[in-house]
Amino acid sequence: DTVEAGTVVRGNDELERNMVRVETVGLSKGLPPEVITVLLDLALSLNAGTANCNRVLKFLIPATVVPQEAIVKGVSWLCVGKMPMNAQVLFVRWVLTVFDLIDCKDDLRSIYGFIFSFVTEENLCPFICHLLYLLTMREHVHPYRVRKLLDIQAKMGRQPFLTQLLALYKVFRPDLVTLSLPSRVRTGFKNHNSTWKVALSAVQRKNKGAVLVDQSLSLDVKEKPSSRKRKLHHLAIPPLTSAFDSNSSKKVLRLQELRSFKELLENIHNIELPAQMGSLLGSALALHYLDCVQDESAFLRLNFWLGHSLQEGWMFNIRNMWQFIPQSPGHLSIIFLPWFVFVRCSQEGFSSTESFLYKFLSVWDGCLLRPQILDLLSDIPLMPSFCETMTLSGFMDSVMELVRFVGLLASEGLRLESCHVLLLNQTLAFYETVCDMFLKFSLPLIIMPPAGVFYPALFATDSVSVDRLGYIMYRYRKNLTLAKKQEQQREQTFHISRNTYKEFNRNLQAMVNSMWNSWWCVPGSEIEIDKDLIALSKVAEPWCRFDLIHHPALFSYAIEFHQRVSEILTLVTFKNTRTGKYWNWYMEFLFNQGFYGLNNFIRTNTGHGSTLNSQEDGQPKSQP
């Protein structure tokens, strides 16, 4: 009913009773669209008073959808300028909360300019930028709007919400936004729906049949959450719905209308992205579309949604993480598994993925979704994208911690898996990069492999591992030699630790002694074994069992060499192979089998080796 002018608000018992009645219904069952329109107009017009304006907004929970006309009329009340600032902020926050429930957004985009005018309000700016980010299309990006945002940035500093909106503008019009922006912008918009989160989620659970438009293209949580644990119902992937009214004059095809890959190809230029980018994860066709068009604005929007869902949703209460994560693998897989498939197929890294993993790993139990978590770790860069001010020393510390952690992990893995050849070669592939950090990447850091990696490679039974170790040691020597030369010439301000040189020399001595000098058990070394214990093995001449002839990885080549030479010279035996021209022949034969890493190591450290087919700076060709 129409309220007569001059009706008293304060102390009006009838108004209070009605407010309580509507508030109870709104927080328990939600309000239908027509009631949302009436109450929003009542609140923002201030006809029920300023206090009741805020009160109405706090229980304005939609049961199904929010009429677009209600939001447009609300913006018109915002333009009148009578509402106090706290009410204006609360209204925009409410719009952001229910944005995905707005029935269509054509008219809302048509008043983009009116909404943009509020970016000059300091208190409203973060929320207005967020709303503009969700509404922006190419036709909305104009030079005067870019200039205005840059002026605000000059006054307020480089705020994340401004940077995020400018980054989206630059995607649509790179010719207008010439400002240098970070390639991976961190999430600039915070979660603003805490006021309505619990009530809205409860209402959506009760009325989800009416809210979700197309179940066939969406994923939802089906398990009943425990009443004593933190509810994770907000982790559902939203339904795939268009951002435009179906009666709009725009010639667009909604993604949820597609039924086959053929339809996707035929209409790929007429497809409009959905209102909620997270809904793409629930549709295989939508993911195909996103991968085909390579729309950077789409990736920015999806990155924002992932950041909100992963960090604000999963990590909302990190201190209580252990209370609910192990109990809810189904909840996590609802978003995580489709997201994982998309990241792997598109090979696109997201800063939200990185930020989430940095936090999640600190509370991860090592079992939950282990294959996916470990695979996604490969997307994390050495320097965090949200830490752009990291110093060189800080970056070096991060790299050092990473390399040492991988070394410890590899050592334990090799021990548990009995030095499995595949794991060993993957570990050596990692150290082929580590050994060249100084020369190839100009990183003043040299880190030796731990004993748990070095000795399994030295005594490996496959020739590929031994050859790769030779290459790694050869490159370590190159890096250390250049580093020492620059230190002496004072061309660098850093110094390689003495312990690094000692560690290298210890490994070098062990490798040369065992493979060249036929004495693998050096007294006082890490691999010294009691003589009585060796005697129990009853192995003849045990000291030479890891030289270039008798090494388990090379013995088959020694036999082949002996067979070939014996056809010509009957006096050649394994013993005299190590003497004179026979030794040179064997070395030539061995290194012509493709052991370029081992050849370079022997030639550099002993002065012997094959000069044929040697690759001075190349990696060994032999691969597992």
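Preceding this section is the structure that the text describes.
What comes next is a walk through the structure. What you see is a predicted model; the values in this text were computed from it and never measured.

About the cut-offs
Residues numbered from 1 in each chain as written. Predicted model: local features only at pLDDT ≥ 70, side-chain atom pairs only at ≥ 80, totals over all residues. Heavy atoms only, no water. Salt bridge = Lys/Arg side-chain N within 4 Å of Asp/Glu carboxyl O. Helix = DSSP H or I, 4+ residues; strand = E, 2+ residues; numbered from the N terminus. Buried < 20%, exposed > 50% of the residue type's maximum accessible area, 1.4 Å probe, protein only. Core = buried A, V, L, I, M, F, W, Y, C linked by side-chain atoms within 4.5 Å. Contact = heavy atoms within 4.5 Å. Phe/Tyr/Trp six-rings, centres within 6.5 Å; stacked < 30°, edge-to-face > 60°. Expected span 1.5 Å × (residues − 1). Axes fitted to C-alpha atoms, helices over the stretch in contact; angles between N-to-C directions. Parallel < 35°, antiparallel > 145°, perpendicular 65-115°, else oblique. Nonpolar A, V, L, I, M, F, W, Y, C, P; charged D, E, K, R; others polar.

## A closer look at the pattern of salt bridges
So, step 1. In this structure the tally under the stated criterion is 9 salt bridges.
So, step 2. Residues K73 and D41 are paired through a salt bridge, measuring 3.5 Å at the closest nitrogen-oxygen approach. In this pair, K73 is assigned in helix 4 (residues 68-80) and D41 in helix 2 (residues 33-44), connecting sequence segments 32 residues apart.
So, step 3. Ionic pairing is found between E560 and R564, a salt bridge with its closest N-O pair at 2.8 Å. Within this pair, E560 and its partner R564 are both found in helix 27 (residues 555-566), separated by 4 residues, close to a single helical turn.
So, step 4. We classify R564 as partly exposed; its relative accessible area is 47%.
So, step 5. Residues joined by salt bridges that share partners form a network here, namely E16, E23 and R55.

## Concerning the nonpolar core
So, step 1. By size, the foremost hydrophobic cluster in this structure holds 67 residues, and its most contacted members are L60, F91, W94, I115 and Y169.
So, step 2. With 9 residues, the single largest contributor to this core is helix 8 (residues 125-135).
So, step 3. In this structure, I115 is in contact with V75, L108, I128, L131, L132 and L135, ignoring residues within four places of it in sequence.
So, step 4. Core analysis: the next-biggest nonpolar cluster, separate from the first, contains 59 residues, M448, V512, W516 and L554 among them.

## Looking at the packing of aromatic side chains
So, step 1. Within this structure, the stated rule accounts for 7 aromatic pairs.
So, step 2. Between the aromatic rings of F430 and Y431, the centroid separation amounts to 5.2 Å while the plane-to-plane angle is 85 degrees, which identifies the pairing as edge-to-face.
So, step 3. Looking at F430, the relative accessible area reads 25%, which means it is partly exposed.
So, step 4. Taking relative accessible area as the criterion, Y431 reaches 1% and is therefore assigned buried.
So, step 5. Judged by centre distance (5.0 Å) and plane angle (80 degrees), the ring pair of F454 and Y455 falls under edge-to-face. In this structure, F454 and Y455 share a single accessibility class: buried.

## Regarding helix 5 (residues 85-97)
Because an α-helix completes one turn every 3.6 residues, residues spaced three or four positions apart along the sequence face the same direction.
So, step 1. Relative to the 18 Å expected for 13 residues at 1.5 Å per residue, helix 5 spans 18 Å between its end C-alpha atoms, a close match to the ideal helical length.
So, step 2. Summarising burial for helix 5: 11 of the 13 residues are buried, a large majority.
So, step 3. The set of residues buried in helix 5 consists of A87, Q88, V89, L90, F91, V92, R93, W94, V95, L96 and T97.
So, step 4. In the core, the buried residues of helix 5 are packed alongside helix 2, helix 3 (50-58), helix 4, helix 8 and helix 11 (197-206).

## What to know about the packing of helix 1 (residues 13-28) against helix 11
So, step 1. For the pair helix 1 and helix 11, the least separation of the axes is 7 Å and the interaxial angle reads 70 degrees. One finds that helix 1 runs roughly perpendicular with respect to helix 11. Note on element contacts: helix 11 touches helix 1 through A199, V203 and K206, opposite G26, L27 and S28.
So, step 2. Here the residues of the contact of helix 1 with helix 11 sort into 3 nonpolar, 2 polar and 1 charged.

## A few points about the environment of L57
So, step 1. Within the fold, L57 resides in helix 3.
So, step 2. Each C-alpha atom, one on L57 and one on R93, is 9.8 Å from the other, the two residues being 36 residues apart in sequence.
So, step 3. Dropping the residues within four chain positions of it, L57 is found in contact with L40, L44, A87, L90, F91, W94 and W196.

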